[in-house]
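# Inside the fold
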Amino acid sequence: ASLLVTNFFGFSTVATSLQFFLFPAMALRLTSFAQGKLEKKKIQPLTLGQKLFILSLLLVTGYLLLLIGRYWFADYLFAKGKLENETGQYAKATQNLSRAINLSPNEPIYYDELAHAYAQSAIYLYDVDRSFGIEELIDAAIYHSNYAIELSPQNLNLFKSRARLFINIALVEPKYLPKAIDSL
């Protein structure tokens, strides 16, 4: 009765459905075994075709699991890079975001976050010693922002993020402030 109540209210419907099918099957199997009604079948060896089919199925499954694992790891690196970007660890953020892009190169959000990591690095470098290297970081930020929009031109959040990027870069180079307005 408790299984029906939990299933009615939508709690763990998959587990309860499995129990509805597995418990009667196990009970039937155990009663048949206890009564000695099961006949012993001789197990036949697998044919070459069956072995090849199993091998090919295992290879395809392994490849698909590898792709899923690669996608998951890229997402993990992105989350780690985004957190590092938010905590001011820009060098680590750019490293992890670059690795995420290498694993999953068609994610515009990854490029957008990497652009912000480069922009924040430029701002930090400007605040520390105002020396060389700032223009290269700004160029890398703009390049990655452009590529993110190229990958997903309909994503309005990328345009909003691009405006924020140019506003942040304008703290170092005021000539980029009109581009923030243009990107909206």
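Residues numbered from 1 in each chain as written. Predicted model: local features only at pLDDT ≥ 70, side-chain atom pairs only at ≥ 80, totals over all residues. Heavy atoms only, no water.

## Some words on helix α4 (residues 90–103)
Under the convention used in this document: Helical segments are the DSSP runs of H or I of at least four residues, strand segments are the runs of E of at least two, and each set is numbered from the N terminus. Here the expected span of a helix is defined as 1.5 Å times the quantity of residues minus one. Burial status follows relative accessibility: with a 1.4 Å probe on protein chains alone, a residue under 20% of its type maximum counts as buried, one over 50% as exposed, and anything between as partly exposed. Contacts are assigned to residue pairs with any non-hydrogen atoms lying within 4.5 Å of each other.
With 14 residues, α4 ought to run about 20 Å at 1.5 Å a step, and its terminal C-alpha atoms sit 20 Å apart, in line with that. The complete set of buried residues in α4 reads Tyr90, Ala93, Thr94, Asn96, Leu97, Ala100 and Ile101. Where α4 is buried, its residues meet α3 (48–86) and α5 (108–128).

## Thoughts on the nonpolar core
Short version of the rule: Here the nonpolar core consists of buried residues drawn from Ala, Val, Leu, Ile, Met, Phe, Trp, Tyr and Cys, with membership extended through side-chain atoms lying within 4.5 Å.
The biggest cluster of nonpolar side chains holds 31 residues, and the ones touching the most others in it are Ile138 and Ile169. Per-element tally for this core: the top contributor is α5, with 9 residues. Ignoring any residue separated from it by four or fewer positions in sequence, one finds Ile169 in contact with Ala119, Ile138, Ala141, Ile142 and Tyr176.

## Quick notes on a nonpolar patch on the surface
Definition in use: Any residue with relative accessible area above 30% and no salt bridge may belong to a patch, with like charges joined within 9 Å and the nonpolar Val, Leu, Ile, Met, Phe, Trp and Tyr side chains within 5 Å. Methods summary: accessible areas were calculated by the Shrake-Rupley approach with a probe of 1.4 Å, and residue burial reflects only the protein chains presented. We count a salt bridge whenever a side-chain nitrogen from Lys or Arg sits within 4 Å of a carboxyl oxygen from Asp or Glu.
Residues Leu46, Phe53, Ile54, Leu57 and Leu58 make up a contiguous nonpolar surface patch of about 500 Å² in total accessible area. A residue is classified by how much of its surface remains accessible, and Ile54, at 38% relative accessible area, is partly exposed.

## Quick look at the packing of α4 against α5
To keep it simple, the criterion reads: Here an axis means a line fitted to C-alpha atoms, over the contact stretch when the element is a helix, while the angle between two N-to-C directions is reported on a 0 to 180 degree scale. Note on terminology: angles under 35 degrees are roughly parallel, angles over 145 are roughly antiparallel, angles of 65 to 115 are roughly perpendicular, and the others are oblique. Rotating anticlockwise by less than a right angle from the far helix to the near helix defines a left-handed crossing, while the corresponding clockwise rotation defines a right-handed one. Polar here means any residue other than Ala, Val, Leu, Ile, Met, Phe, Trp, Tyr, Cys and Pro, which are nonpolar, and Asp, Glu, Lys and Arg, which are charged; Gly is therefore polar.
Closest axis-to-axis distance for the α4/α5 pair is 9 Å, and the angle between their directions is 160°. Taken together, the axis directions place α4 and α5 in an arrangement best described as roughly antiparallel. Our pair here, α4 against α5, has a crossing hand that is left-handed. For the pair α4 and α5, the contacting residues are Tyr90, Ala93, Thr94, Leu97, Ser98, Ala100 and Ile101 in the first and Tyr110, Tyr111, Glu113, Leu114, Ala117, Tyr118, Gln120, Ser121 and Tyr124 in the second. Of the residues in the contact of α4 with α5, the class split is 11 nonpolar, 4 polar and 1 charged.

## Focus on the side chain of Asn96
With respect to the helices, strands and loops of the structure, Asn96 is situated in helix α4. By relative accessible area, Asn96 is classed as buried at 6%. With near-sequence residues (within four places) excluded, Asn96 lies in contact with Leu77, Lys80, Gly81 and Glu84.

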